[in-house]
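# Structure at a glance
Here is how the chains run, residue by residue.
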Amino acid sequence: MHRLFFASALVALSAYGYETPTMGWSSWNTYRVNIDESLIKSQADAMVATGLKDCGYDHINIDDGWFGGRDENGRHTTNLKRFPNGLKPVVDYIHSKGLKAGAYSDAGENTCGWKWDNDELSYQVGFYDHDAADAKFFFTETGFDFIKVDFCGGLPYGNAKGEKMSERERYTAIRKAIDAEGFPNVRMNICRWAYPGTWASEAGFSWRVTPDIAEGWENVRNTLNEGLLLAPYAYGGHYNDLDMLEVGRGMTLEEDRTHFAMWCVLASPLLIGCDLTTIKPETLELLKNRELIAIDQDPLGLQAAIVRQYADDRYAFVKDLGKLGGTVRCLAFYSWSDEASEFEIAFDEVDLGGKVKVRELVEGVDLGTMEGKLSCKVPAHGTRVFRLEGEKRLERRRYPAHWAFLSGYQELDPDARTANYGLVKGNNGKYQYTARRVGGAEGDYLLWRDVLSEAGGEYVLKFDVFPCDGAGFDVEVNGENAGFASKACDFTLKARLKAGPNTIRLSNDAEKMCTICGVDLEPAAQQ
Ligand code: GLA
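For the structure given in this document, a descriptive report is provided here.

Conventions used here
Residues numbered from 1 in each chain as written. Predicted model: local features only at pLDDT ≥ 70, side-chain atom pairs only at ≥ 80, totals over all residues. Heavy atoms only, no water. Helix = DSSP H or I, 4+ residues; strand = E, 2+ residues; numbered from the N terminus. Buried < 20%, exposed > 50% of the residue type's maximum accessible area, 1.4 Å probe, protein only. Contact = heavy atoms within 4.5 Å. Pairing = 2+ DSSP bridges. Axes fitted to C-alpha atoms, helices over the stretch in contact; angles between N-to-C directions.

### Section: the side chain of Thr-515
Residue placement: Thr-515 occurs in the loop between strand S29 (500-507) and strand S30 (516-523). The exposure class assigned to Thr-515 is buried, which follows from its relative accessible area of 6%. Among all residues touching Thr-515, those that are not within four sequence positions of it are Thr-434, Ala-435, Arg-436, Asp-464, Val-465, Phe-466, Pro-467 and Asp-469.

### Side note on the sheet that holds strand S2 (residues 23-26)
Strand order across the open sheet formed by 8 strands is S10-S9-S8-S7-S6-S3-S2-S11, with parallel pairing between neighbours. Whereas interior strands pair on both sides, the edge strands pair on one side only; in this sheet they are strand S10 (239-241) and strand S11 (270-272). Strand after strand, the sheet turns through a mean of 25° between neighbouring axes, direction not considered. Pairing between S2 and strand S3 (residues 59-61): 3 bridges, direction parallel. Bridge pairing in S3 links Ser-26 to Asn-61. The strands touched by helix H3 (residues 88-96) are S3 and strand S6 (100-106); relative to S6, the strand with the most contacts, the crossing angle is about 145°.

### Digging into the environment of Ile-306
Mapped onto the secondary structure, Ile-306 falls in strand S12 (residues 305-311). Classification of Ile-306 by relative accessible area gives buried; the value is 3%. Separated by 46 residues in sequence, Ile-306 and Leu-352 have C-alpha atoms that sit 16 Å apart. Ile-306 has contacts with Leu-228, Leu-229, Tyr-315, Ala-316, Phe-317, His-402, Trp-403 and Tyr-433, leaving out every residue within four places of it along the chain.

### Some remarks on unusual backbone geometry
The phi angle at Arg-32 is positive, at roughly 45°, despite the residue not being glycine. A positive phi angle is found at Arg-437, which is not glycine, with a value near 60°. With respect to the secondary-structure elements, Arg-437 resides in the loop between strand S23 (431-436) and strand S24 (445-453). The partly exposed category is assigned to Arg-437, whose relative accessible area is 28%.

### Concerning the pairing of strand S18 (residues 373-378)
Burial of the side chains of S18 is restricted to one face: Leu-374, Cys-376 and Val-378 are buried, whereas none of Lys-373, Ser-375 and Lys-377 on the reverse face is. Here strand S15 (residues 341-346) runs beside S18; their pairing, made up of 6 bridges, is antiparallel. Looking across to S18, one finds that Ala-346 is bridged to Lys-373.

This is the structure we're talking about:
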């Protein structure tokens, strides 16, 4: 199934090195709109005093609740009970601690706090109709470094006209206004509570992919489960945001560990949501787990993808660390089962061969050197994360559909019947993820990135399609036409791959393509 993948062929792959997911603290989970100047300052103090800053948590984000309405010139004012001196002294204080300051606003008119927390002064304070002036206010005048932009005000209930605004238009316009004000490096978080569509990576540094998280295992688990299939969209230094952390807010230690570890495995922003001034030692220890933080902050900027689903409630994830196609990988076993369970995986399933050095990062234990497979007992609601260092990297023979980026994928409009991943019984009788409804419009495509070949050369590409319920498709390898795959050729083509990472792109501008299960790659010489 695999060929050896020699490290020497991969030197060219180490050019990745992206800005990593945002780390810090945000006021929302514990305080909702009940924030004020001294509270925010005390959290900044505690960020430093607890040593969290030294672990990389460098943002203090002021969420909803600071607004005081606009003055007669349309300028922002602050809630005078909460921020009597405005925001600038607070931002300056945060900066004086060597930290970055995060702001909050809305892409439409009224904020979510106006709607859900009776925060009356948050009326018509969003960016809508004020893009340039607000960009100036937040960044030039007040000095914020980051902004989370919500969307309640873009929905009919949140603006005077009762309009449903276009997410893409609003966030793109706000991004442009921030750039035009001279702040292209300001990170914008798109907060639209579901994966908004592939345009988001042009406007946002990160984007929320779930409804609001809340304390308690069920909420955290449900939130996490919405992010499991989104690995292809965290790419090039842009990230899926699973929402602010509920660590230290009432779950068991094992559940807190799963929450934190999986946010790291999935390369989500890490925004602490508990009160830092009263944080418990065991919470602090978990949040300061530098080995897990390194998984989140890996410079490749990858979100781990599902490599095996054992059951509805048990999954294994994998991603490269440090070097694309190298011998160091992260493997995670995640279980939301209410029972303890046994996990096992063969190292060649995660593309590693020979002897493998294994360290488990949640408990922080060296498991020594192993060969063949890894077995591990995972407690109920538990997660174990491994740093694997193999002797050899093996060349992968199959890229499954759910590892592919679908340009038309989005979760805002469930009726749009756009490209998505469906769990269906495949040709081999097993349930597997598929890519459905791709194509039928210009620019609607499926893309496997980073298809790794050790030495390059001619390959046979066999597309596994099930059922053949649609049309064939054009195949491009590294941007070059490799032919049209259809029943006529048994969905099999030959193409040349280069040594290192390749792209394989499937498209059909005229018709929806048949459902794709994956692609199998075989060097042509071995046929
Ligand atoms: C929305 C967001 C939350 C929070 C609140 C503030 O619900 O999703 O994260 O910012 O608004 O009102």
